[in-house]
Amino acid sequence: MVPAMLLAFVGSTWAYGVARVENSSSGKGFVYSSASQVNYADITDSQWNNSESKANIGQGAAGRPYYVYAKPMEGCTFVGWSRSNSANGTILSTSTEYQVTTEEALSNSNQNDIVYAIFSGEAAQQGNITIVNNNPEGGSISVNPTSALPGTSVSITVTENSGYKMKSLRAEDADGNDVPITTTTVFIMTTRTFIMPNSAVTIYVDFGKAFNINFNNTGAGSTSANPATAAEGMTVTVTPNPNKGYRLGTISAVDRRNNPITLTQALNADKDTVYTFVMPDTTVIVTARYVQAPLTINFTEASKAKDGRYYASHYWQALAYIVPEGMRGETYKVVDGQLLVSQTYNPGDILPSNNGVILSTESPTPLAMEPSADKGTPDPDNMLLGSNSTKTENDSAYVYYILATAPADNPTAGAGFYWYSEGGYSVRSAAFKAYLKVPREAAAGSKGWEFGGNTTGINTINTNNNSVKTDKWYTIDGRQLNGMPTQRGLYINNGKKVVIK
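Rules behind the numbers
- Residues numbered from 1 in each chain as written.
- Predicted model: local features only at pLDDT ≥ 70, side-chain atom pairs only at ≥ 80, totals over all residues.
- Heavy atoms only, no water.
- Helix = DSSP H or I, 4+ residues; strand = E, 2+ residues; numbered from the N terminus.
- Buried < 20%, exposed > 50% of the residue type's maximum accessible area, 1.4 Å probe, protein only.
- Contact = heavy atoms within 4.5 Å.
- Areas by Shrake-Rupley, 256 points an atom, 1.4 Å probe, with all protein chains shown as cover.
- Salt bridge = Lys/Arg side-chain N within 4 Å of Asp/Glu carboxyl O.
- Pairing = 2+ DSSP bridges.
- Axes fitted to C-alpha atoms, helices over the stretch in contact; angles between N-to-C directions.
- Phe/Tyr/Trp six-rings, centres within 6.5 Å; stacked < 30°, edge-to-face > 60°.
- Lys NZ or Arg CZ within 6 Å of the ring centre and 35° of its normal.
- Polar contact = N/O pair within 3.5 Å; in protein donor to acceptor, adjacent residues only side chain to side chain.

**Q** Run through the overall build of the protein, naming residues and quoting values.
**A** When its secondary structure is counted, the protein shows one helix and 45 strands. Buried positions account for 43% of the 501 residues belonging to the protein. Partitioning the intrachain contacts of the protein with sequence separation of at least 6 by distance along the chain shows that 67% fall at a separation of at least 24. Element-wise, carbon and sulfur atoms account for 46% of the exposed surface of the protein, whose accessible area totals about 25400 Å².

**Q** Talk me through the pattern of salt bridges; I want residue IDs and the actual numbers.
**A** Once their charged atoms are close, side chains differing in charge can pair, the charge on each being opposite to the other. A full pass over the atoms with the stated rule returns nine salt bridges. Residues K306 and E450 are paired through a salt bridge, measuring 2.9 Å at the closest nitrogen-oxygen approach. Linking K306 in the loop between strand 26 (295-297) and strand 27 (310-314) with E450 in strand 40 (residues 448-450), this pair joins segments that are 144 residues apart in sequence. R328 is the partner of E330 in a salt bridge, and the nearest nitrogen-oxygen pair spans 3.4 Å.

**Q** Describe the sheet that holds strand 23 (residues 264-267), with residues and values.
**A** The four strands lie next to each other as 19-21-24-23, forming an open sheet whose pairing is antiparallel. Only two strands of the sheet have a single partner each, and these edge strands are strand 19 (221-226) and strand 23. Each strand axis lies, on average, 30° off the axis of its neighbour in the sheet, ignoring direction.

**Q** Tell me about the pairing of strand 24 (residues 273-278), residues and numbers included.
**A** Side chains on a regular strand alternate between the two faces of the sheet. Note that strand 21 (residues 235-242) and strand 24 share four bridges and pair antiparallel. For V236, the partnering residue across the bridge sits in strand 24 and is F277. Summarising the sheet, strand 23 and strand 24 pair through four bridges and their orientation is antiparallel. When the sheet's bridge partners are listed, Q265 is paired in strand 24 with Y275. The hairpin turn running from strand 23 into strand 24, its antiparallel successor, is five residues long, and K271 in that turn takes a positive phi close to 70°.

**Q** Give a detailed account of the packing of aromatic side chains, specifying residues and quantitative values.
**A** Two numbers describe a pair of aromatic rings. These are the distance of the centres and the angle of the planes. Evaluation of the coordinates by the stated rule reveals eight aromatic pairs. Ring centres 6.5 Å apart and planes at 55° place the aromatic pair W316 and Y321 in the tilted group. You can call Y321 buried: its relative accessible area is 0%. With a centroid separation of 6.3 Å and an interplanar angle of 50°, the aromatic rings of Y400 and Y435 are classed as tilted. Of this pair, Y400 sits in strand 36 (residues 398-404) while Y435 sits in strand 39 (residues 434-439), and the two are 35 residues apart along the sequence. By the burial criterion, Y400 is buried, and Y435 matches it. The side chain of R170 reaches across the aromatic face of Y204, ending 4.4 Å from its centre. Between R440 and the ring centre of Y425, over which it is positioned, the NZ or CZ distance is 3.9 Å.

**Q** Pulling in residues and values, what's your account of the pairing of strand 39?
**A** Across the six residues that make up strand 39, a large majority, five, are buried. Note: strand 34 (residues 384-386) against strand 39, three bridges, orientation antiparallel. Bridge assignment links G386 to a residue of strand 39, and that residue is A434.

**Q** Describe unusual backbone geometry, listing the residues and the values that go with them.
**A** What is expected of a backbone is that most residues other than glycine have negative phi and most peptide bonds are trans. With an omega dihedral of 0°, the bond running from N144 to P145 counts as a cis peptide bond. Omega for the peptide link from N226 to P227 comes to 0°, which places this bond in the cis form. You can see P227 is positioned in the loop between strand 19 and strand 20 (229-231). One non-glycine residue, N258, lies in the positive phi region at around 70°. Topologically, N258 is positioned in the loop between strand 22 (246-255) and strand 23. The residue K271 is not glycine, and still its phi comes out positive at about 70°. The topology assignment puts K271 in the loop between strand 23 and strand 24. A residue is classified by how much of its surface remains accessible, and K271, at 64% relative accessible area, is exposed.

**Q** So what about the environment of D255? Which residues, and what values?
**A** As for its placement among the helices and strands, D255 is situated in strand 22. Look at D255 and you get buried, because its relative accessible area is 7%. C-alpha separation for the pair D255 and V284, spaced 29 residues apart in sequence, amounts to 4.5 Å. With sequence-adjacent residues up to four places away left out, D255 is seen in contact with I261, P280, T282, T283 and V284. Of the polar contacts made by the side chain of D255, one reaches the backbone nitrogen of N259; its length is 2.8 Å.

Now the structure itself:
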């Protein structure tokens, strides 16, 4: 087994390029350079020595395949692989990829076995990188490498001194053209790189004194700035962060002299609204006011009940809303196994904060509820509960029901209240949704109540007061009566709405 070597010829006519090697038995995932196995990488000009340079491509059993690659420098062209160090020799292949085996391995002892990568054109020259720092007191930068061939990636390291920020950073080639600098930030690590052109590069950097950006927030929300401190002339991005259920009302900014600062509205990468301004030579105060936002309730076809209405549950701990036209809200309680409407909220009424409610409409069209400054009064008899976050509850003294389309054992049923778990012993309710918590004795073994069905207690039946006999009657607001009523009106009897004429 002998080492294989790859050379590139350099002379007055032929220019060297970059060569590399890969081991096909490792999925072409490794490179052998100077007899050392390293991660995939090009062999750069630093490994060329005058007219030739050598790169070991490893050793292996007879017949083991290796692949060598040629990559011309900028301004050069790859001619092909040859046993001769001259373009006059026989070209074995013009492909930049060429396979060799250990039988034809290249050897120091037998120069006739050397394979050359032949390139034409003028060799690219390394360009120097010069740094011009307009304010060394504020910080410094360094580059790696300090000179490089065209196409080489050059990294820039910025060091800001305490109390200063980098105001500007740009790069120019020898002709004064801008050289793009790529900035990448991962978490708190920022890297800056550029690709070396076919000339020298000058980097201009300027540092300035840093000033704070302070915030005056009112309402439910917070505000952030990037960067958090900035030097004069820097562009600052301000991002409003309203709490759930709130939106930005107004936002403004002034400097320490109380001079107004222009905020320009824009969209960030996530399509969220942000604001930008140019930093003055003073501290800046940003004032943001957060107000309650309208809430859109979505009704779906799946939420349709037997009564033809569409249903959704709702709960907010601290926010109250006004019932819009086309919507109705209801709270519920359960008495002796019967589901009763505890309170009805019609258009214009306030849905109190900290009050679970079931909303319904005659159309699945989304409806928006405007916020109410009046928090309203929660229904004390309401058995609907909820939370501003996902909530799990399991108390064997209660039965838990949720608003659902149908129970597992009755898939044709419509929307209604049904056990969350077998026996109703537990519930896991989503944030801002309501669930029904009923004392187990009051539930009387009920698995649930279907809106508009025979077991919901909200159907309407017309009857004369002599035609219905039952032990328990309730007013429409859930108050139990002593026997069948004698006055005309709408009542609850045996789980149904009954009209006494």
